[in-house]
Amino acid sequence: MGLSSFPYFGMMGVFHHVLVASALLTAYKNCGNNINLKDSLIEIQERAKNVPPMACMKLGCCGAAVSAGIFISVAKGVSLEDSEYFGIANGMTANVLNKIEKIGGPRCCKRHSYLSLLSAVEYSKKYLDTHMESSEIICMRSQENNLCIKERCPFYDK
């Protein structure tokens with residue numbers, strides 16, 4: 001059952017800023033990486049609180065993309081002095097933002113969350129030597145989004 005199957009997570013909202021990083025961190029842990037999941041999930045929640053509602057409009061940076069960067073920052077304990085993972089965490093966010101740019105708008109938190117998750121799976125293989133599994137994502141809630149871009153969305157149920 002995919003993220004789109006849970007009706008209590010609406011189409012839009014700041015909870016996506018927490019969900020993406022939390023899902024990725026849980027998958028990362030399930031791949032055998034040694035992290036304190038409980039403490040790390042709490043840290044994700046604290047950091048995600050700093051991503052404002054409608055960050056995509058206000059800051060020009062989607063909160064779901066930022067959440068993918070938060071995942072790496074927390075998983076690897078990135079500091080301001082970090083020479084290796086500082087750039088990788090920022091690169092993760094940039095990678096997702098590039099995918100969002102290619103599709104364009106208007107906004108859809110679900111689409112951007114799905115792009116963030118799938119991008120992070122690929123990015124993690126390359127930069128974290130972690131092979132998380134993914135599956136095809138089909139949006140089951142496009143009818144709830146009056147801004148849905150339908151066929152332009154890679155997750156639209158055709």
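Residues numbered from 1 in each chain as written. Predicted model: local features only at pLDDT ≥ 70, side-chain atom pairs only at ≥ 80, totals over all residues. Heavy atoms only, no water.

Enquirer: It is not clear to me how the overall build of the chain should be interpreted in this structure. Could you clarify?
Expert: Within the chain one finds six helices and zero strands. Starting at the N terminus and walking to the C terminus, you meet the elements of the chain as α-α-α-α-α-α. Since a compact globule built from 158 residues should have a radius of gyration of about 15 Å, the 15 Å found for the chain is in line with a globular shape. In terms of its C-alpha atoms, the chain occupies a principal-axis envelope of roughly 45 × 30 × 25 Å. For the chain, the proportion of its 158 residues judged to be buried stands at 44%. (Helix = DSSP H or I, 4+ residues; strand = E, 2+ residues; numbered from the N terminus. Rg over C-alpha atoms; globule rule 2.2 N^0.38 Å. Buried < 20%, exposed > 50% of the residue type's maximum accessible area, 1.4 Å probe, protein only.)

Enquirer: Help me out: how do you make sense of the pattern of salt bridges in this one?
Expert: Oppositely charged side chains may form a pair once their charged atoms are brought near each other. The full count for this structure, using the stated rule, is four salt bridges. For Glu46, the salt bridge is made with Lys49, and the minimal N-O distance between the two is 3.0 Å. Given a relative accessible area of 57%, Lys49 falls into the exposed group. The salt bridge partner of Glu122 is Lys125, with a shortest N-O separation of 3.3 Å. Here Glu122 pairs with Lys125, and both are found in helix 6 (residues 109-127), just three residues apart, close to one helical turn. Residue Lys125 is classed as partly exposed on the basis of its relative accessible area of 32%. (Salt bridge = Lys/Arg side-chain N within 4 Å of Asp/Glu carboxyl O.)

Enquirer: When you look at the environment of Gln45 in this model, what are you seeing that I'm missing?
Expert: Residue position: Gln45 is located in helix 2 (residues 37-48). Given the relative accessible area of 43%, Gln45 is considered partly exposed. Between the C-alpha atom of Gln45 and that of Lys150, which follows or precedes it by 105 residues, the distance is 31 Å.

Enquirer: Help me understand the confidence of the model for the chain, please; the structure alone is not making it clear to me.
Expert: Predicted coordinates in areas of low pLDDT are best not read in detail. Confidence in the prediction for the chain averages 87 pLDDT; 91% of positions are at 70 or higher. Across residues 1-6 the pLDDT falls below 50, and counting only partners more than four positions away or on other chains, this stretch makes ten contacts in the model. (pLDDT = per-residue confidence, 0-100. Contact = heavy atoms within 4.5 Å.)

Enquirer: Which parts of the structure should I look at to understand the packing of helix 5 (residues 85-103) against helix 6?
Expert: The geometry of a pair of packed helices is captured by two quantities: the angle between their axes and the separation between those axes. The geometry of helix 5 relative to helix 6 is characterised by a closest axis approach of 9 Å and an angle of 135° between their N-to-C directions. Taken as axis vectors, helix 5 and helix 6 run oblique relative to one another. Once helix 5 is placed against helix 6, the crossing between them reads as right-handed. In this structure, helix 5 uses Tyr85, Gly87, Ile88, Gly91, Met92, Asn95, Val96, Lys99, Ile100 and Ile103 to contact helix 6, whose residues at the interface are Arg111, His112, Leu115, Ser116, Ser119, Ala120, Tyr123, Ser124 and Tyr127. (Axes fitted to C-alpha atoms, helices over the stretch in contact; angles between N-to-C directions. Parallel < 35°, antiparallel > 145°, perpendicular 65-115°, else oblique. Left-handed = near helix turned anticlockwise from the far one by under 90°.)

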